[in-house]
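# Descriptive structure summary
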Amino acid sequence: MIPDHEHPTALWNPFANMAELAGRALPIVSGHGSTVVDAGGREYLDAIASLWYCNVGYGRAELADAAAAQMRQLAGFQTFEYYTNPAADALSRRIAGIAPVPGAKVFLTPGGGSDAVDTAGKLARAYWHAVGEPGRQVIISRSHAYHGMNAYGTSLGGIPLLTREFAPLVSLVEQVPWDDAEALGKTIEAIGPGRVAAFFCEPVIGAGGVYPPPPGYLAAAREICRRHGVLFVADEVITGYGRTGAWFASGRFGLDPDLITTAKGLSSGYLPIGAVIASARVAEPFWRAGSGQVFRHGYTYSGHPAAAAVALANLDLIEREGLIARVAALEPVLAGAVAPLADHPLVGAVRAGTGLLAAVEIAEEARAADPSLGQRLVLAIRERGVITRLLRGVALQISPPFVITEDEIAAIAAAFAGALDEVAPR
Ligand SMILES: Cc1ncc(COP(=O)(O)O)c(C=O)c1O
């Protein structure tokens, strides 16, 4: 047993070295706008919207009110088989209405994006079964990809540090380079199109280091999937509901996906909820009159009324305040603010220019010379009142709430610049 005084907490933090962290995690107790506040009353600009999700900002009383009102009326009830509820029903119609997918049907998931990804992986397989091609079982993903931490998502992940201890988990997965459409085509041909179920693709790679798509890549990959009948799954857990300046990145890039996975920004994280958006093509074998095909999948909290009510209120708020147009307007502001960081000797690259998403990659030589540099930078930036995190051990994340102001964006860039100067070897 570890004595209590050595570890004054029982909270086992995700992705954390608990031997070092226990008792040292920073308690965040409140928030307003793009700012969060620690237990000592110190304020921080949240440059990453918690984990890419608090898009409408902190302290939105109307979302708390929506949850409370729904909870007083009916907090939870299942939607398996015979039941629905007005909130889940309204939310699914609302999502279908804004999705860039004609005739969309919506499968609500209870947690974060990992549930949506595993649901989409299983739905892709179920679809091929339903249409009489059960041999289509392989799912292809990309290097640098992050598709969450459930079984399918872990297996489809393209960040070796996160997957190597667990492989093989789900078999029948393949990986292609993130930026090479030709390689995708060749891989499908090598496996045999009749064995490939789906291709999973983040329109903008997020946790792998924020990589906007290379020019022409998405259109080429989409066309290759179409040619081989492979389902194109847009993982929009980060990009969905406005982060690229359109309701969906699939709309911005004209992807016409077969499935879209979403979570995070659906509720801005006020309650956990996700959604898999299915195109008419994928839904048809299950919804066609007299079909008899059943997608045997679901979670206790699928269609949870309180979470659905909060998501609806969140989408209302995004629309009412014009937050998607705001993201589009701030896209060049953020890109312009972080661009000068590329000149710093510790910086290898700055990636920005697609919505409110950016990354500042630490130069390879600097990381090799000092493996602790990234984490030291994260803490030095926090000391300057800005919260960021390290992606894939190489790049600092910027993905602020949509309500961020131009001055706050400038403050984030200044904190990064100051911290880079502070940790730079003299
Ligand atoms: C593209 C993508 N898919 C899936 C997930 C998994 O989402 P969650 O952590 O909410 O389960 C994430 C999380 O960051 C993500 O960025």
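Residues numbered from 1 in each chain as written. Predicted model: local features only at pLDDT ≥ 70, side-chain atom pairs only at ≥ 80, totals over all residues. Heavy atoms only, no water.

### Describing the pattern of salt bridges
Across all of its chains, the model carries 18 salt bridges by this definition. A salt bridge links Arg320 to Glu62; the shortest N-O distance between them is 2.9 Å. Of this pair, Arg320 sits in helix α12 (residues 305-320) while Glu62 sits in helix α3 (residues 61-74), and the two are 258 residues apart along the sequence. A residue is classified by how much of its surface remains accessible, and Glu62, at 31% relative accessible area, is partly exposed. Several salt bridges converge on common partners, so that one network encompasses Arg94, Asp316 and Glu319. (Salt bridge = Lys/Arg side-chain N within 4 Å of Asp/Glu carboxyl O. Helix = DSSP H or I, 4+ residues; strand = E, 2+ residues; numbered from the N terminus. Buried < 20%, exposed > 50% of the residue type's maximum accessible area, 1.4 Å probe, protein only.)

### Here's the deal with a nonpolar patch on the surface
Nonpolar side chains collect at one region of the surface, where Leu74, Phe77, Tyr82 and Tyr83 lie side by side and expose about 450 Å² of accessible area between them. Note that Leu74 resides in helix α3. With a relative accessible area of 31%, Leu74 lands in the partly exposed category. (Patch = residues over 30% accessible without salt bridge, like charges linked within 9 Å, V, L, I, M, F, W, Y side chains within 5 Å. Areas by Shrake-Rupley, 256 points an atom, 1.4 Å probe, with all protein chains shown as cover.)

### A closer look at unusual backbone geometry
The omega torsion of the bond from Ala167 to Pro168 falls at -10°, within 30 degrees of zero and hence cis. Tracing the backbone through its elements, the reader meets Pro168 in the loop between α7 (160-163) and β6 (173-176). The backbone of Ser268 sits at a positive phi, close to 50°, despite the residue not being glycine. Residue position: Ser268 is located in the loop between β9 (259-262) and β10 (274-278). Within the chain, Arg392 stands out as a residue other than glycine whose phi angle is a positive 50°. Inspection of the secondary structure puts Arg392 in the loop between β14 (390-391) and β15 (395-398).

### Here we look at the pairing of strand β3 (residues 43-46)
Bridging between strand β2 (residues 35-38) and β3 involves three bridges; their strand directions are antiparallel. Paired with Val36 across the bridge in β3 is Tyr44. Taking the residues that link successive antiparallel strands as the turn, the β2-β3 hairpin has four residues, and the phi of Gly41 there is positive, at about 90°. (Pairing = 2+ DSSP bridges.)

### Here we look at the site of the ligand
Close to the ligand lie Gly112, Gly113, Ser114, Val117, Tyr146, His147, Gly148, Glu202, Asp235, Val237, Ile238 and Lys264, which account for all nearby residues. Separating a nitrogen atom of the ligand from a backbone N or O atom of Tyr146 is a distance of 3.5 Å. Between Lys264 and the ligand, the recorded distance is 3.0 Å, taken from a side-chain N or O atom to an oxygen atom. For the ligand, the accessible surface in isolation is 390 Å², of which the surrounding protein chains cover 84%. For the shell around the ligand, the element with the most residues is helix α5 (residues 113-130), which contributes three residues. Taken together, the residues of the shell around the ligand sort by class into four nonpolar, five polar and three charged. (Near = heavy atom within 4 Å. Polar contact = N/O pair within 3.5 Å; in protein donor to acceptor, adjacent residues only side chain to side chain. Nonpolar A, V, L, I, M, F, W, Y, C, P; charged D, E, K, R; others polar.)

### Notes on the packing of helix α13 (residues 323-338) against helix α16 (residues 406-423)
Orientation of α13 relative to α16, taken along the N-to-C sense of each, is 25°, at an axis distance of 9 Å. Viewed along their axes, α13 and α16 adopt a mutual orientation that is roughly parallel. In the packing of α13 onto α16, the handedness of the crossing is right-handed. Of α16, the residues touching α13 (which contributes Leu330, Val333, Leu334 and Ala337) are Glu406, Ile409 and Ala413. Residues that form the contact of α13 with α16 fall into these classes: six nonpolar, no polar and one charged. (Axes fitted to C-alpha atoms, helices over the stretch in contact; angles between N-to-C directions. Parallel < 35°, antiparallel > 145°, perpendicular 65-115°, else oblique. Left-handed = near helix turned anticlockwise from the far one by under 90°. Contact = heavy atoms within 4.5 Å.)

### Quick word on the packing of helix α15 (residues 373-383) against α16
It is the contact of α15 with α16, at a shortest axis distance of 9 Å, that shows an interaxial angle of 130°. With respect to their mutual orientation, α15 and α16 come out oblique. Crossing angle aside, the handedness with which α15 passes α16 is right-handed. Touching Leu373, Arg376, Leu377, Ala380 and Ile381 of α15 are Ala415, Phe416, Ala419, Leu420, Glu422 and Val423, all from α16.

### Quick word on the side chain of His228
Counting through the fold element by element, His228 comes out in helix α9 (residues 217-228). Look at His228 and you get buried, because its relative accessible area is 13%. For His228, the side chain forms a polar contact with the side chain of Glu189, separated by 3.5 Å. Apart from residues no more than four positions distant in its own chain, His228 is found in contact with Arg136, Gly185, Ile188, Glu189 and Pro193.

### Points about the environment of His147
Looking at the element boundaries, His147 is found in the loop between β5 (138-142) and α6 (151-156). The exposure class of His147 is buried, given its relative accessible area of 2%. Each C-alpha atom of the pair His147 and Ile205 lies 9.9 Å from the other, and the pair is 58 residues apart in sequence. Not counting chain neighbours up to four residues away, the residues in contact with His147 comprise Ser114, Val117, Ser141, Gly153, Leu156, Phe200, Cys201, Glu202 and Asp235.

### As for the domain arrangement of the protein
By the assigned domains, the protein splits into domain 1 (18-56 + 322-423) and domain 2 (62-320). Each of domain 1 and domain 2 was reduced to a C-alpha centroid, and the two centroids are 27 Å apart. With 30 residues of domain 1 at the interface, the matching set in domain 2 holds 32 residues. For the domain 1 face of the interface with domain 2, the top three residues by lost area are Trp52, Ile324 and Arg392, together amounting to 28%. The interface formed by domain 1 and domain 2 contains one salt bridge. (Domains from an automatic or database assignment. Buried area = accessible area lost by both parts, 1.4 Å probe.)

### Some points on the nonpolar core
Soluble globular proteins tend to pack their nonpolar side chains together in the buried interior. If you look at the biggest cluster of nonpolar residues, it comprises 69 residues, and the most contacted ones within it are Leu91, Ile95, Tyr241, Leu266, Leu315 and Phe416. Considering every element that reaches this core, the biggest residue donor is α12, with ten residues. Residue-level mapping places this core at the junction of two domains, with at least three residues from each of domain 1 (18-56 + 322-423) and domain 2 (62-320). Within the second largest apolar cluster, 24 residues are counted, among which are Trp128, Ala198, Val276 and Phe295. (Core = buried A, V, L, I, M, F, W, Y, C linked by side-chain atoms within 4.5 Å.)

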